[in-house]
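Structural overview for review
In case you want the letters, here they are:
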Amino acid sequence: MRRYSAFAIAREALRFHTGWERAWAAPEPKADYDVVIVGAGGHGLATAYYLGKNYGITNVAIVEKGWLGGGNTGRNTTIIRSNYLQDPSAAIYEKARSLYETMSQDLNYNVMFSPRGVMMLAQTEHEIRGYQRTAHANALQGVATEFISPARVKELCPIIELSGPRYPVLGALWQPRGGTARHDAVAWGYARACSDMGMHILQKTEVSAVLQSGGQVTGVTTSKGDIKCKKLAIVVAGNSGVLAEMAGFRLPMESAALQALVSEPIKPCMDVVVMANTVHGYMSQSDKGEMVIGGGADGFNNYTQRGSFHHVEETVRALIETFPIISRLKMLRQWGGIVDMTGDRSPIISKTPLGNCFIDGGWGTGGFKSIPGSGWAMAELVAKGEPGALAAPFGLDRFKEGRFIDESVAAGVAH
Amino acid sequence: MLLLTCPNCGIKADETELHPGGEAHITRHGAGASDSDFEGYLFHRKNPKGVHFERWRHAMGCGKWFHAARATDTLEVFGTYSAQVFEPPNDLIEKIKLKRPDWEGF
Ligand SMILES: Cc1cc2nc3c(=O)[nH]c(=O)nc-3n(C[C@H](O)[C@H](O)[C@H](O)COP(=O)(O)OP(=O)(O)OC[C@H]3O[C@@H](n4cnc5c(N)ncnc54)[C@H](O)[C@@H]3O)c2cc1C
Ligand SMILES: [Zn+2]
């Protein structure tokens with residue numbers, strides 16, 4: 001792999017950009033691999049990358065029914081934060097956030113990580129108490145956050161309306177090293193690095209059955225034929241239930257649509273991410289100038305990547321109250337992704353009832369931020385067959401034991 | 001927009017009037033059940049990409065619960081029926097089978 005650098009740009013400028021290589025190869029599937037990963041989203045690709053980098057396992061195929069990064073990884077609003085309440089969540093999300101800090105250098109691919117700061121508004125007395133509690137928990141966990149006053153909120157985000165008629169801004173939980181990154185670049189950067197290690201990224205290859213014998217996984221049937229493997233990793237977000245059915249077990253999970261939208265581009269007016277969980281909306285400004293907007297997920301089971309219009313309306317209504325400046329903006333695009341919601345709204349990184357078959361999913365509305373941490377922990381689980389410290393609390397057994405990681409209250413809504 | 005006819009009051013309601021209640025016809029395991037049964041009742045869901053039987057409440061209307069059969073891969077609604085039953089009515093099952101010959105059945 002030829003490295004990207006300022007020198008490479010200069011070199012290519014001198015020869016009319018004829019020397020750029022393909023970022024990743026498009027190989028034909030082999031008959032068998034040590035590890036097959038289903039799903040070339042951020043989590044699947046990161047799992048592959050750390051399998052190679054941390055454990056030297058490179059005889060790996062990443063099987064993707066569409067195009068890489070075309071699932072939720074390419075559909076999300078790219079918020080990165082780690083200000084969770086529970087210790088296991090803070091540990092894995094902070095691991096992920098810290099890996100984002102150096103990801104561009106590590107992958108030699110600009111993922112445009114922008115630690116611009118994330119604030120979560122407190123708009124009720126309960127939220128003030130909840131976020132102050134989270135700030136204290138974060139202090140103990142070593143995650144840098146603070147509870148800030150309305151005046152400081154206004155200083156950091158001048159376009160905000162503090163004295164909204166329904167829900168005035170009473171303060172905020174502020175994580176200065178949270179922010180955003182370019183979602184496609186995260187998938188592309190990992191894909192390029194995986195391909196460079198000799199791994200096979202098989203796009204337009206759909207898995208339709210999980211092959212097994214004697215309680216152990218032996219391979220998968222795909223639209224390009226059967227592929228054998230010693231270990232299988234299911235990393236398919238909203239399609240986890242479909243793959244679990246192929247493998248013969250059920251999950252504590254349901255699939256629903258989550259939507260986002262972007263406005264026409266405008267001049268820079270907001271250099272932080274603002275989330276307003278009580279009124280169900282959040283917003284940031286992309287480098288192109290578009291306002292990136294998201295809200296809550298629909299409540300019913302759905303696999304269509306289309307959500308309900310009234311949710312968009314509710315989100316926009318809430319944000320116009322919080323940011324009156326956007327009331328006349330035109331919205332350019334709106335889309336949906338299928339999110340995998342678990343019983344306690346926390347993810348699953350786990351062994352499964354099928355031997356040598358592992359699952360990473362249930363990241364729901366908030367798993368872009370966790371891609372590197374999840375890949376790191378999942379790679380350890382797949383390589384060793386047993387979870388390490390990061391993954392252990394996220395096993396499927398927690399639902400039987402009642403050992404939930406209850407973040408739904410702490411994290412409010414989406415992402 | 002999702003439209004469901006409430007079998008209790010007969011009104012064709014759009015989803016802003018309705019509250020989703022998740023998978024229907026789940027066996028309620030209670031005191032004395034095994035850990036696995038209880039876990040399954042509380043958390044394990046079929047979550048199919050296809051025909052789904054589910055519970056809804058006409059929250060902003062008559063306030064009552066009912067059942068619906070819907071496709072999660074197309075958003076097609078096959079029909080709604082009373083909440084007072086343990087499985088979908090036969091005519092509805094036949095209707096779905098006609099539309100989806102590959103469906104494995106209830
Ligand atoms: C609108 C929206 C906004 C969001 N905003 C945020 C945010 O601001 N911050 C945040 O942290 N998170 C956010 N999220 C959540 C985040 O996008 C996801 O948690 C994350 O991208 C999941 O990544 P993944 O790799 O697990 O799944 P995906 O990126 O969905 O990848 C799974 C892949 O598996 C493939 N696949 C499925 N079935 C098969 C099969 N049978 N055979 C082969 N391949 C298959 C799919 O095609 C897909 O490419 C948002 C999500 C949505 C939808
Ligand atoms: Zn009714």
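Report follows, based on the coordinates. (Residues numbered from 1 in each chain as written. Chains lettered and ligands numbered in written order. Predicted model: local features only at pLDDT ≥ 70, side-chain atom pairs only at ≥ 80, totals over all residues. Heavy atoms only, no water.)

Residues and elements named next belong to chain A. Neighbouring ligand 1 are 38 residues; Glu64, Asn72, Thr73, Thr77 and Lys369 lie closest to it. Within the contact set of ligand 1, an oxygen atom lies 3.0 Å away from a backbone nitrogen or oxygen of His43. Lys65 places a main-chain nitrogen or oxygen 3.0 Å from a nitrogen atom of ligand 1. For ligand 1, the accessible surface in isolation is 1000 Å², of which the surrounding protein chains cover 97%. At three residues, the largest contribution of residues to the shell around ligand 1 is made by strand β12 (residues 253–263). Along the lines of polarity and charge, the residues of the shell around ligand 1 split into 14 nonpolar, 19 polar and five charged. Counting contributing residues, the shell around ligand 1 receives three or more from each of domain 1 (23–78 + 183–252 + 344–406) and domain 2 (111–180 + 255–342). (Near = heavy atom within 4 Å. Polar contact = N/O pair within 3.5 Å; in protein donor to acceptor, adjacent residues only side chain to side chain. Areas by Shrake-Rupley, 256 points an atom, 1.4 Å probe, with all protein chains shown as cover. Helix = DSSP H or I, 4+ residues; strand = E, 2+ residues; numbered from the N terminus. Nonpolar A, V, L, I, M, F, W, Y, C, P; charged D, E, K, R; others polar. Domains from an automatic or database assignment.)

What follows deals with the side chain of A:His183. All names here are of chain A. With respect to the helices and strands, the residue His183 is situated in helix α7 (residues 183–196). His183 sits in the buried class, given a relative accessible area of 14%. His183 has contacts with Thr73, Gly74, Arg75, Asn76, Thr78 and Phe368, leaving out every residue within four places of it along the chain. (Buried < 20%, exposed > 50% of the residue type's maximum accessible area, 1.4 Å probe, protein only. Contact = heavy atoms within 4.5 Å.)

Note on metal sites: the ideal angle is 109.5 degrees for four tetrahedral donors, and 90 or 180 degrees for six octahedral donors. Residues and elements named next belong to chain B. The zinc ion (ligand 2) binds to the protein through Cys6 (SG), Cys9 (SG), His58 (ND1) and Cys62 (SG), with metal-donor distances spanning 2.0 to 2.4 Å. Around the zinc ion (ligand 2), the four donor atoms sit at angles spanning 102 to 115 degrees, and that spread fits a shape best called tetrahedral. When the donor residues of the zinc ion (ligand 2) are listed from N- to C-terminus, their spacing reads C-x2-C-x48-H-x3-C. In this pair, Cys6 is assigned in the loop between β1 (3–5) and β2 (12–14) and Cys62 in the loop between β4 (51–57) and β5 (65–71), connecting sequence segments 56 residues apart. With a relative accessible area of 32%, Cys62 lands in the partly exposed category. (Donors = N, O, S within 2.8 Å, 3.2 Å for Na, K, Ca; no water. Tetrahedral: all angles 85-135°; square planar, octahedral: opposite > 155°, others 65-115°.)

On to the sheet that holds β5(B). Residues and elements named next belong to chain B. Read across the open sheet, the four strands follow the order β3-β4-β5-β6; overall the sheet is antiparallel. One side of each edge strand has no neighbouring strand; the edge strands of this open sheet are β3 (19–23) and β6 (77–81). Ignoring strand direction, the axes of neighbouring strands in this sheet form an average angle of 30 degrees. Relative to β4, β3 runs antiparallel, the two being bridged by three bridges. Counted as the bridge partner of Pro20 is Trp56 from β4. The strands touched by helix α2 (residues 90–99) are β4, β5 and β6; relative to β6, the strand with the most contacts, the crossing angle is about 175 degrees. (Pairing = 2+ DSSP bridges. Axes fitted to C-alpha atoms, helices over the stretch in contact; angles between N-to-C directions.)

Residues and elements named next belong to chain A. Across the eleven residues that make up β12, a large majority, ten, are buried. In the sheet, β12 pairs with strand β16 (residues 331–342) via eleven bridges, with the strands oriented antiparallel. Bridging from a neighbouring strand, Gln259 pairs with Gly336 of β16. Here four bridges tie β12 to strand β15 (residues 291–297), and the two strands are oriented antiparallel to one another. Along β15, the bridge assignment pairs Val262 with Val292.

Residues and elements named next belong to chain A. Packing of helix α2 (residues 42–55) against α7 brings their axes to within 9 Å, and their N-to-C directions diverge by 35 degrees. As for the relative orientation of α2 and α7, their crossing is left-handed in sense. Contacts between α2 and α7 involve Leu45, Ala46, Ala48, Tyr49 and Tyr50 from the former and Ala187, Tyr190, Ala191, Ala193 and Cys194 from the latter. Among the residues making up the contact of α2 with α7, the classes are represented as ten nonpolar, no polar and no charged. (Left-handed = near helix turned anticlockwise from the far one by under 90°.)

Residues in a regular strand point their side chains to alternate faces of the sheet. All names here are of chain A. Here strand β2 (residues 60–63) shows two buried faces, one formed by Val60 and Ile62 and the other by Ala61 and Val63. Of the strand pairs in this sheet, strand β1 (residues 32–38) and β2 are connected by four bridges, and their pairing is parallel. From the neighbouring strand, Val36 faces β2, where its bridge partner is Ala61. What joins β1 to β2 is α2, and the crossover it makes is right-handed. Here three bridges tie β2 to strand β8 (residues 200–202), and the two strands are oriented parallel to one another. Each residue of the ladder has a partner; that of Ala61, found in β8, is His200. (Right-handed = clockwise from strand over helix to strand, strands pointing away.)

What follows deals with the sheet that holds strand β5 (residues 146–148) of chain A. Residue and element names in this part refer to chain A. Sheet architecture is open: eight strands sit in the order β5-β6-β4-β13-β14-β15-β12-β16, paired in mixed fashion. The open sheet has two free edges, formed respectively by β5 and β16, since each of these has just one partner strand. Going from strand to strand, the sheet's axes swing by 20 degrees on average, the running direction of each strand aside.

So, on to the nonpolar core. Residues and elements named next belong to chain A. Counting 51 residues, the largest nonpolar core has Ile37, Leu45, Val60, Ile62, Tyr100, Tyr190 and Ile349 as its most contacted members. Sort the elements by how many residues they give to this core and α7 lands first, with seven residues. Those residues in contact with Val60 that sit more than four places away from it in its chain are Tyr33, Val35, Ile37, Ala48, Leu51, Met199 and His200. Judged by nonpolar contacts, the second largest core, of 28 residues, contains Val36, Ala61, Leu202 and Leu243. (Core = buried A, V, L, I, M, F, W, Y, C linked by side-chain atoms within 4.5 Å.)

To continue, consider the interface of chain B and chain A. Counting residues at the interface gives 22 residues for chain B, matched by 24 residues for chain A. For the pairing of chain B and chain A, the buried interface totals around 2100 Å² over both sides, and the portion due to carbon and sulfur atoms is 57%. When residues of chain B are sorted by the area they lose upon contact with chain A, B:Phe43, B:Asn47 and B:Lys49 head the list and together hold 30% of the total. Applying the counting criterion to the chain B and chain A interface returns zero salt bridges. Applying the counting rule to chain B against chain A returns nine residue pairs in polar contact (both at pLDDT 80 or more). Only β3, α1 (35–42) and β4 of chain B provide two or more residues apiece to the side of chain B that touches chain A. Among the elements that take part in the side of chain B that touches chain A, α1(B) stands out by supplying three residues, more than any other. The class makeup of the residues in the side of chain B that touches chain A is six nonpolar, seven polar and nine charged. (Buried area = accessible area lost by both parts, 1.4 Å probe. Salt bridge = Lys/Arg side-chain N within 4 Å of Asp/Glu carboxyl O.)

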